[in-house]
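# Understanding the architecture of this molecule
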Amino acid sequence: MKIKQKKAVEAPAQVKHAVQQITSTPLAELASVLRGFKWTFDKGDINHWVSVLDHFDSFFEEFTSKRADVQLRLGEAGVEADSPFPTTGCLAVLSATCVLLENCSNKTAYSSSEHLTNLLAAPVPEVVAAAVQTFQVLLRKTHHTSVRWVAPPGLSQRLLCLSKGWGGKEEGLDLVVCASADVSAARQALHKATTLRFDFSSSEQSRASAGGSAAAGAQLTTLHVPALDGFTESEHEILAGLVLRYKVPAALRFELLCRIRIARNFGTLAGRRQLVWQRLMAFNVLLQCSPTAGAQPAWAVSSAHGPAVYVGVVLGC
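As a convention, each chain's residues are numbered from 1 in the sequence order in which they are written. A pLDDT threshold of at least 70 governs which residues receive local features in this predicted model, and a stricter bar of 80 or more applies before side-chain atom pairs are shown or counted, although totals over entire chains, interfaces and linings include all residues. Excluded from the side-chain calculation are hydrogens and water; included are all heavy atoms of the structure.

Another point: the nonpolar core. Residues W49, F56, L100, L119 and L256 are the most contacted members of the largest nonpolar core, which totals 79 residues. Any pair of residues with heavy atoms lying within 4.5 Å of one another is described as a contacting pair. If we skip the residues at most four places from it in the chain, L256 touches L196, F198, L223, L239, L242 and V248. Here, nonpolar core means buried Ala, Val, Leu, Ile, Met, Phe, Trp, Tyr and Cys residues that are tied together by side-chain atoms lying within 4.5 Å of each other. Exposure classes here rest on a 1.4 Å probe applied to the protein chains alone. A residue is buried below 20% of its type maximum, exposed above 50%, and partly exposed in between. Counting residues in hydrophobic clusters, the runner-up holds 10 residues, among them L175, A189, I262 and F266.

Where empty space is left can be seen by rolling a probe of water-molecule size over the atoms. Points on a 1 Å grid over protein atoms alone make up a cavity when a 1.4 Å probe fits among them but cannot get out, and a pocket when they form an open set with protein on both sides within 12 Å along at least five of seven lines; lining residues each have an atom within 4 Å of a point. Grid points are joined across faces, edges and corners, and a volume is the space filled by probe spheres set on the points. Under the defined criterion, the tally for this structure stands at one cavity of 30 Å³ or more. In this model, the largest cavity occupies a volume close to 50 Å³. A run of H or I in DSSP counts as a helix once it spans at least four residues, and a run of E counts as a strand once it spans at least two, with each numbered from the N terminus. Counting residues per element, the ones that place at least two in the lining of the largest cavity are helix 7 (153-163), helix 12 (253-265) and helix 13 (269-288). Per-element accounting of the lining of the largest cavity gives the leading share, three residues, to helix 13.

On to the packing of aromatic side chains, then. What counts as a ring pair is set by centres within 6.5 Å for rings of Phe, Tyr and Trp (its six-membered ring), and what kind of pair is set by the plane angle: stacked under 30 degrees, edge-to-face over 60, tilted for all other angles. Following the criterion strictly, the structure yields seven aromatic pairs and no others. Where W39 meets F41, the ring centres are 5.0 Å apart and the plane angle is 75 degrees; that geometry is what we call edge-to-face. For the pair W39 and F41, one class covers both residues: buried. Feature note: the residues F37, W39, F41 and W49 constitute an aromatic cluster, connected by ring pairs. A cation over an aromatic ring shows up here: R272 above the ring of F266, its NZ or CZ 5.8 Å from the ring centre. Two thresholds decide whether a charge sits over a ring: the Lys NZ or Arg CZ must be within 6 Å of the ring centre and within 35 degrees of the ring normal.

Moving on to helix 7. Summarising burial for helix 7: eight of the 11 residues are buried, a large majority. Regarding helix 7, the residues found buried are L155, S156, R158, L159, L160, C161, L162 and S163.

Along the chain, the position of R253 falls in helix 12. Given a relative accessible area of 7%, R253 falls into the buried group. At 3.0 Å, the side chain of R253 and the backbone oxygen of V248 are in polar contact. If we skip the residues at most four places from it in the chain, R253 touches L72, R73, E76, L239, V243 and V248. Under the rule applied, a polar contact is a pair of N or O atoms within 3.5 Å (in protein, one hydrogen donor and one hydrogen acceptor; residues adjacent in sequence only if both atoms are side-chain atoms).

Printed below as a string of structure tokens:
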């Protein structure tokens, strides 16, 4: 969404030149002009860069927002396959956005969070990581500590899915073990961690998750796919097949995608470390962006000890 600037702000000449150079570049060629973009200006104001951020917003509108993989519509009847994902362009735009948010005041005016939320479902791990990193920079406190950006419910729900893990210490799956170069401990838990299990009821409102139960009269569907780390298909291709076969509701597909990512990548040390980083970063963003109470699990908001319990669950302690 484009930024609604309340009033025009005069920018320094050097900034004006950079802004003109970026905004005059066609959307498809942004990666070339943004390559190596660094902050070389005096103290910044995000209002000086509104037209640049709007240009970036147009890039997402043009190249990512309508994609079936990002919208998680794969597996639906009549949905055509996407063109190759614009990885280079996305990474360049997200990197430049981080530079601007890192060095400018008034960054709460940033209004492309919907596109970043969509990119959490991107088929490229580096793009997902860059989107999380951009949220991290957006939420990093400046001297205006009283200003806090509040995440919309859709983002809060996705951050919760990314923050959920794969077990705890009692199962040999705590974060330290998963990230350790000594794979002997993690190897014992690989069979369970690389097996996809996902339960959902016939009614979206009676969603049954691990540790929960389906509503009375609801039919429970269980997806059980062992050794997902051996599949040659991508995460989104696996998701499309499961959506087609089991008619997974749209509201549950991002959570299912997250479970697929875990099971498919847990078999390697690099994959586990990527999952650990993503989980910790998503959790950090979730805590900073004041998610709506309805998006938080009951044990995270029901008592004064909720956050501490939440940290324990995420870290597998």
